[in-house]
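In case you want the letters, here they are:
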Amino acid sequence: MHPVTDIVIIGGGASATLLAAQLTRHGIGPRCVIIDPADSPAVGLAYATPCLEHRLNVRASNMSAFAGAPDHFLAWLRTHIDPDTSPDAFVPRALYGVYLRGLLDTTRVRAIRDVAIDCQRRADGLLHITLATGRTLSARQVVLAFGHFDPAPVPGVESLAQRQGGYCPTAWTTAAYAPLHAGDEVILIGTGLTAVDAVLRLRAVGFPGRITAVSRHGWLPERHAPCASLPPPVVSPGDTPPTVRAYLRAFRAAMAAGVAWRTAVDSLRPVTNALWNALPDVERRRFRRCLQRRWDILRHRMAPEVADRIDADRAAGSLRILDGHVTEVMTTPDGMAVHLRTRGGARTLTGARVVNCTGASLAYRHVASPLLAAMFRSGQIASGFADQGLDCTDAGQVRDAGGVPVPGLFALGPPRLGVLFESIAIPEIRQQAAALADYLAAYPAAGKHAADTAD
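Residues numbered from 1 in each chain as written. Predicted model: local features only at pLDDT ≥ 70, side-chain atom pairs only at ≥ 80, totals over all residues. Heavy atoms only, no water.

Trainee: Could you give me a rundown of the overall build of the protein, with the residues and numbers involved?
Mentor: When helices and strands are tallied, the protein shows 13 helices and 17 strands. The C-alpha atoms of the protein give a radius of gyration of 23 Å, which matches the 23 Å a tight globule of 455 residues would have. The buried share of the protein, taken over its 455 residues, is 52%. Considering only contacts within the protein whose residues lie at least 6 apart along the sequence, 70% involve residues at least 24 apart. With an accessible surface of roughly 20,200 Å², the protein has 53% of that area assigned to carbon and sulfur atoms. With 47 positive and 39 negative side-chain charges, the protein shows a spacing of 3 Å between the two charge centroids. (Helix = DSSP H or I, 4+ residues; strand = E, 2+ residues; numbered from the N terminus. Rg over C-alpha atoms; globule rule 2.2 N^0.38 Å. Buried < 20%, exposed > 50% of the residue type's maximum accessible area, 1.4 Å probe, protein only. Contact = heavy atoms within 4.5 Å. Areas by Shrake-Rupley, 256 points an atom, 1.4 Å probe, with all protein chains shown as cover. Lys, Arg positive; Asp, Glu negative; His and termini not counted. Charge placed at Lys NZ, Arg CZ, Asp CG, Glu CD.)

Trainee: Can you tell me about the state of the cysteines, naming the residues and giving the values?
Mentor: This structure, assessed with the given rule, holds zero disulfides. C168 carries a free sulfur, and the closest cysteine sulfur to it, the one in C357, is 9.2 Å from it. A relative accessible area of 4% means that C168 is categorised as buried. (Disulfide = S-S within 2.5 Å.)

Trainee: Lay out the pattern of salt bridges with the relevant residues and their values.
Mentor: Enumeration over the complete set of coordinates arrives at 18 salt bridges. A salt bridge links E53 to R309; the nearest nitrogen and oxygen atoms lie 2.7 Å apart. In this pair, E53 is assigned in the loop between β2 (32-36) and α2 (72-80) and R309 in helix α11 (residues 304-315), connecting sequence segments 256 residues apart. A relative accessible area of 36% places R309 in the partly exposed class. Of the charged contacts in the structure, one is a salt bridge between D391 and R399, with a shortest N-O distance of 3.1 Å. Here the salt bridges do not stand alone but share partners, grouping D6, R31 and R140 into one network. (Salt bridge = Lys/Arg side-chain N within 4 Å of Asp/Glu carboxyl O.)

Trainee: An account of the sheet that holds strand β9 (residues 210-215) is requested, with residue identities and associated values reported.
Mentor: Taken together, the five strands give an open sheet; going across it, the order is β7-β14-β8-β9-β10, and neighbouring strands pair in parallel fashion. In this open sheet, the two edge strands, each paired with only one partner strand, are β7 (167-168) and β10 (319-323). The pairing of strand β8 (residues 185-189) with β9 spans five bridges and is classified as parallel. Considered in β9, the bridge of E185 is made with R210. (Pairing = 2+ DSSP bridges.)

Trainee: Report on the packing of aromatic side chains, specifying residues and quantitative values.
Mentor: Under the definition given, this model contains 15 aromatic pairs. Aromatic side chains F287 and F421 sit 5.5 Å apart centroid to centroid with 80° between the ring planes, which places their arrangement in the edge-to-face category. Here F421 lies in the loop between β16 (405-411) and α13 (426-442) and F287 lies in helix α9 (residues 281-290), a separation of 134 residues in the sequence. Here a set of aromatic residues connected by ring pairs shows up, and it is made of Y47, F73, W76, Y96 and Y99. Here the basic side chain of R25 rests over the ring of F66, its NZ or CZ set 3.8 Å away from the ring centre. (Phe/Tyr/Trp six-rings, centres within 6.5 Å; stacked < 30°, edge-to-face > 60°. Lys NZ or Arg CZ within 6 Å of the ring centre and 35° of its normal.)

Trainee: Account for unusual backbone geometry, with residues named and values stated.
Mentor: Although it is not a glycine, A42 sits at a positive phi angle of roughly 110°. Mapped onto the fold, A42 is located in the loop between β2 and α2. Of note in the backbone geometry, A386 takes a positive phi value of approximately 55° without being a glycine. You can see A386 is positioned in the loop between α12 (370-378) and β15 (397-399).

Trainee: Explain the nonpolar core residue by residue, including any values.
Mentor: Within the largest apolar cluster, 43 residues are counted, with the highest numbers of intra-cluster contacts made by I9, L19, L23, Y47, F73, Y96 and V143. If you list the elements that add at least two residues to this core, you get β1 (2-10), α1 (14-25), β2, α2, α3 (93-105) and α13. For this core, the element with the most residues is α1, which contributes seven residues. In terms of nonpolar packing, the next biggest core, distinct from the first, is built from 28 residues, C119, V142, V367 and L390 among them. (Core = buried A, V, L, I, M, F, W, Y, C linked by side-chain atoms within 4.5 Å.)

Trainee: Tell me about the packing of α9 against helix α10 (residues 292-299), and name the residues and values.
Mentor: Here α9 crosses α10 at 65°, and the two axes come no closer than 4 Å. Between α9 and α10, the angle falls in the class roughly perpendicular. Of the residues in α10, those touching α9 at F287, R288 and C290 are Q292, R294 and W295. Here the residues of the contact of α9 with α10 are counted per class, giving three nonpolar, one polar and two charged. (Axes fitted to C-alpha atoms, helices over the stretch in contact; angles between N-to-C directions. Parallel < 35°, antiparallel > 145°, perpendicular 65-115°, else oblique. Nonpolar A, V, L, I, M, F, W, Y, C, P; charged D, E, K, R; others polar.)

Trainee: Describe the sheet that holds strand β13 (residues 345-351), naming the residues involved and giving the relevant values.
Mentor: Two orientations exist for strands paired in a sheet by backbone hydrogen bonds: parallel and antiparallel. Pairing is antiparallel in the open sheet, where three strands are placed in the order β11-β12-β13. Strand pairing shows two members of the sheet lacking a second neighbour, β11 (325-332) and β13, which therefore form its edges. Strand after strand, the sheet turns through a mean of 20° between neighbouring axes, direction not considered. As judged from the seven bridges shared by strand β12 (residues 335-342) and β13, these two strands associate in the antiparallel manner. In the strand pairing of β13, V338 is matched with L349.

Trainee: An account of the environment of G351 is requested, with residue identities and associated values reported.
Mentor: On the secondary structure map, G351 appears in strand β13. Taking the relative accessible area as the measure of exposure, G351 reaches 12% and is therefore buried. Setting aside residues no more than four positions away along its own chain, G351 makes contact with E185, I187, G335 and M336.

Trainee: Could you give an account of helix α5 (residues 193-204), naming the residues involved and the relevant values?
Mentor: Under the 1.5 Å per step criterion, the end-to-end length of α5 is 16 Å for twelve residues, consistent within 8% with the ideal 16 Å. The element α5 is largely enclosed, with a buried count of ten among its twelve residues. Within the span of α5, buried status applies to T194, A195, V196, D197, A198, V199, L200, R201, L202 and R203. In the segment just after α5, G206 is the residue with positive phi, at about 100°. (Expected span 1.5 Å × (residues − 1).)

Trainee: Help me get a handle on the side chain of E283, residues and values and all.
Mentor: Take E283: it is sitting in helix α9. The class for E283 is buried, based on a relative accessible area of 11%. Among residues more than four places away in sequence, those in contact with E283 are P242, T243 and V244.

Set out below in structure tokens:
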């Protein structure tokens, strides 16, 4: 006989915190457990940054934990940080981490500092979770709310480069920002928001040398700027044929009619997932192949203060952005070499350190997670579209390898990118958390106490 927990949340970042807050609103927070190895749960990767130069890329007015209380975060900032905080402020991400920690502290949800290495539904109808310490838990409902995993490996990285530390497989380790000499150069693979974060943190720790960021197209994210609101989306689900070409035509027609591109992009935010779900798989693949990166630099924009820093660095010549396909990363007697294939032919970059800034991996079959590996092996879970994220229903219920929803097993936040286009930003996650909490609160077993036992 062993205790049965009503709800177990695997993962302790923003997604888990927002769900815990919603469950507490339903009065069932005390019957919920969060499993996460972090010393201080709630913040996850993005909001645990020690660098105050790292800013939210969403205005403070749209970062509330609760969709029904849109000023919740702004009011917190004005109470605890600065009474004059503007709704349009792009505040340091670390402050949002403090906000999340305070929110979790109010939930009465119990946190277990451990790593879940398996989760299986058994004949008794319960989900059994195995922890790295050997402990086991039984739960009526489990929510997979883990955040981001390390970037996918860059092809062609020499094993010696990884062993000697000249190559950093992720930008989210302190090793990537260890002291360097003033004359050294750092090479970043990737030019998205992760690379922008890396530049800011390198400067924050005092690195004065040149930084080179390289990606296939050499495109940096655009910057946020004031723009008019446009309630009707420039591409409407149901009114526009579900093809990439039709979507693009409608978008361009709006801009030709005088709609600013930022306004056009922002108008699509409420309907992006509906537009994505309307596309057949062949069209989704076409978008990923032809337009994904163009969309990313428009959609995921830099805060104005951050864009100013990047522009100044580029103007000074201490930051350069190059386009090229990385074919090999290797050690040399003087440091590191990155071999590129460019439109003009082969090219080699040299530096003291190379950092993989290509962004979090969603190829869950291949990430370093014992939990996911075990659940894939047993067929308890399946990959989503294009082998990304997890396959699940519109409500977030996880499907097994046979496509059948698993009773009591749910996904929240990034794992839903297997079926959604947008699922990593707070505005989407808070909606998911509220809807999932409503369901879990109404679940027949929700009224039973965690002290119930099962064989």
